[in-house]
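# Topology and contacts: notes
Residues per chain are reported as follows:
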Amino acid sequence: MTIRQLLSTLALVPSFAVFASEEPSSLNLTRGVTEISAQVYDLHMTILYICIAIGVVVFGAMFWAIVHHRKSKGAVAANFHESTKVEILWTLIPFLILIGMAVPATRVLLAMEDVSEPEITVQVTGSQWKWHYRYFDQDVEFFSLLASSAAQINGEQTKRDNYLLEVDRPLVLPIGKKVRFLITSEDVIHSWWVPDFAVKKDANPGFINEAWTKIDKPGIYRGQCAELCGKDHGFMPIVVIAKPVEEFDAWVLETATAQAKVREEEKKLLDMNMDMDELMALGEEVYNSRCAACHQINGLGLPGVFPALAQSDIAINPDRIVDHLSVVIHGQDGTAMQAFGPQLGLKELAAVVTYERNAWGNNTGDVIQAAQINAVLNGDDL
């Protein structure tokens, strides 16, 4: 064996993986659409073939010995002491095998952790139970929520093909560019996992973990939170749309313009008075998509877990309007109540509080306006 052949053997060049099927399999890893995911797949197949070879040799020798040295053939057990040569041999061979496995594994792990020189940086923030994406150097950020309807979840409608793996606003990324992810959490531990990218990083509150990807071809790629993060852990999907660079740039420009326009429109709301019917219609929509999972469609909550809003003091007492607004906007420490101030616009916040104060027989007649929401957001007196 030449030196080159020996080094190739020790490095376990991932060419072993050519024997693997290119077709997706429910019994194997996903090959993915990035160079790193291909390396991970090839490493996985290489180690699998090594394990198969070891299994064949070990069990083959064991069964051969059982058959050819059985008592019925008159075999007599040998009486001998340890052999230094044999002990050295069975120590050296596993050592060389482990070194041969460690070389490519280390190379892949180092490549997976190399987040240097990114072309785009995206901050990924997990919270119960949604993802928030913010593009560095771009005036674009948004929340991404489960799009499967409650009717599908409850079995009242036929489940779509991507049931529980669809969102209202997917993450959009360009192909052919190195994207760095800064991953963190607002509450509990989540995990951002997209198998096609070979990216799976924990989102820890108070810490930032890094990962990266460089997507080879356009398409829609799906993932999930891979950490048991609470009641709705199974309703926290990830959807990434990979676009050609030109289409991505156009999307960024369009989205940034639209979000800037929304902010301008919100400023105009501060001088407007919206009517009850408009707010109730929008408020019901917002409540059903954001609040009903905990407080229930009928506002009765889950006793001992999530408080009721129907006929509750905070929702019907005229002296507690500020408390009601504060809880919705800023959340409540020590509970599962999130801060919806960063997630919803002024109109949506005004609408959902108006709805909560007038639905399910609450009938307070209170009509919340954007100016009141803005005052609570800024810490001003109403």
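The rules behind the values
Along each chain, numbering runs from 1 in the same order as the chain's sequence is written. Residue-level local features of this predicted model are given only where pLDDT is at least 70; pairs of side-chain atoms are given and counted only at 80 or more, and the full residue set underlies all totals for whole chains, interfaces and linings. With hydrogens and water set aside, each side-chain value is computed from the structure's full complement of heavy atoms. Numbering of helices and strands starts at the N terminus; helices are DSSP runs of H or I of at least 4 residues and strands are runs of E of at least 2. The size measure is the radius of gyration over C-alpha atoms, and the globule rule it meets is 2.2 Å times the number of residues to the 0.38 power. For the exposure calls, accessible area comes from a 1.4 Å probe over protein chains only, and a residue counts as buried if that area is under 20% of its type's maximum, exposed if over 50%, partly exposed in between. Two residues qualify as a contact provided that any one of their heavy atoms is within 4.5 Å of a heavy atom in the partner residue. The Shrake-Rupley method, run with a 1.4 Å probe, gives the accessible areas here. Residue values count only the displayed protein chains as cover. Counted as positive: Lys and Arg. Counted as negative: Asp and Glu, with His and the chain ends omitted from the count. Each charge is placed at NZ for Lys, CZ for Arg, CG for Asp and CD for Glu. Note: two strands are recorded as paired if DSSP finds a minimum of 2 bridges between them. The convention used is that axes are lines fitted to C-alpha atoms, helices contributing only their stretch in contact, and that angles between N-to-C directions extend from 0 to 180 degrees. Orientation labels follow simple angle bins: below 35 degrees gives roughly parallel, above 145 gives roughly antiparallel, 65 to 115 gives roughly perpendicular, and whatever is left gives oblique. Helix crossings fall into two classes, left-handed where the near helix is turned counterclockwise from the far one by less than a right angle and right-handed where it is turned clockwise. Three categories are distinguished: nonpolar for Ala, Val, Leu, Ile, Met, Phe, Trp, Tyr, Cys and Pro, charged for Asp, Glu, Lys and Arg, and polar for the others, with Gly belonging to the last. Only rings of Phe, Tyr and Trp enter the pairing, Trp through its six-membered ring, and a pair is recorded when the two centres are within 6.5 Å. The plane angle decides the type: under 30 degrees is stacked, over 60 is edge-to-face, the rest tilted. Geometrically, a lysine NZ or arginine CZ counts as sitting over a ring once it is within 6 Å of the ring centre and also within 35 degrees of the ring normal.

With that settled, consider the overall build of the chain. Helices and strands together make up the secondary structure of the chain, namely 11 helices and 10 strands. Computed over C-alpha atoms, the radius of gyration of the chain comes to 29 Å, more than 25% over the 21 Å expected from 2.2 N^0.38 for 382 residues, which places it beyond the range of a compact globule. With the C-alpha coordinates of the chain rotated into their principal frame, the extents come out at 95 × 50 × 40 Å. Counting only residues that meet the buried cut, the chain has 36% of its 382 residues in that class. Contacts in the chain between residues far apart in sequence, at least 24 positions, make up 65% of those at least 6 positions apart. Here the chain displays about 22,000 Å² of accessible surface, and carbon together with sulfur accounts for 59% of that area. In the chain, the 30 positive side-chain charges and the 47 negative ones have mean positions that sit 11 Å from each other.

Spatial strand order, β3-β2-β1-β5-β8: five strands in an open sheet with mixed pairing. The open sheet terminates on both sides in strands that have one partner only, identified here as β3 (140–144) and β8 (209–213). Going from strand to strand, the sheet's axes swing by 20° on average, the running direction of each strand aside. Pairing between strand β2 (residues 130–135) and β3: five bridges, direction antiparallel.

Relative to each other, helix α9 (residues 321–330) and helix α11 (residues 370–377) sit at 70°, their axes nearing to 10 Å. Comparing their axes, α11 and α9 come out roughly perpendicular. Read as a crossing pair, α9 and α11 show a hand that is right-handed. In this structure, α9 uses L325, S326, I329 and H330 to contact α11, whose residues at the interface are Q372, I373, V376 and L377. Classifying every residue of the contact of α9 with α11 by side-chain character gives five nonpolar, three polar and no charged.

With that settled, the discussion passes to α11. All of the buried residues in α11 are A370, I373, A375 and V376. Those residues of α11 that are buried lie in contact with α5 (245–269), α9 and α10 (346–356). Just downstream of α11, G379 is the residue with a positive phi angle, here 75°.

Moving on: the packing of aromatic side chains. A full pass over the atoms with the stated rule returns 12 aromatic pairs. Aromatic pair F181 and W192: ring centres 4.7 Å apart, planes at 45°, arrangement tilted. With F181 in strand β5 (residues 179–185) and W192 in strand β6 (residues 190–194), this pair connects stretches of sequence that are 11 residues apart. With a relative accessible area of 0%, W192 lands in the buried category. Both rings, one in Y287 and one in Y355, keep their centres 5.6 Å apart while their planes meet at 45°; by these two values the pair is tilted. With Y287 in helix α6 (residues 276–290) and Y355 in helix α10, this pair connects stretches of sequence that are 68 residues apart. The class of Y287 is buried, set by a relative accessible area of 0%. Overall, Y355 belongs to the buried group, its relative accessible area being 9%. One aromatic cluster is present, formed by Y133, Y135, F142, F248 and W251 through successive ring pairs. Lying across the ring of Y163, K159 places its NZ or CZ 5.0 Å from the centre.

Read these as spatial facts, not as claims about activity.
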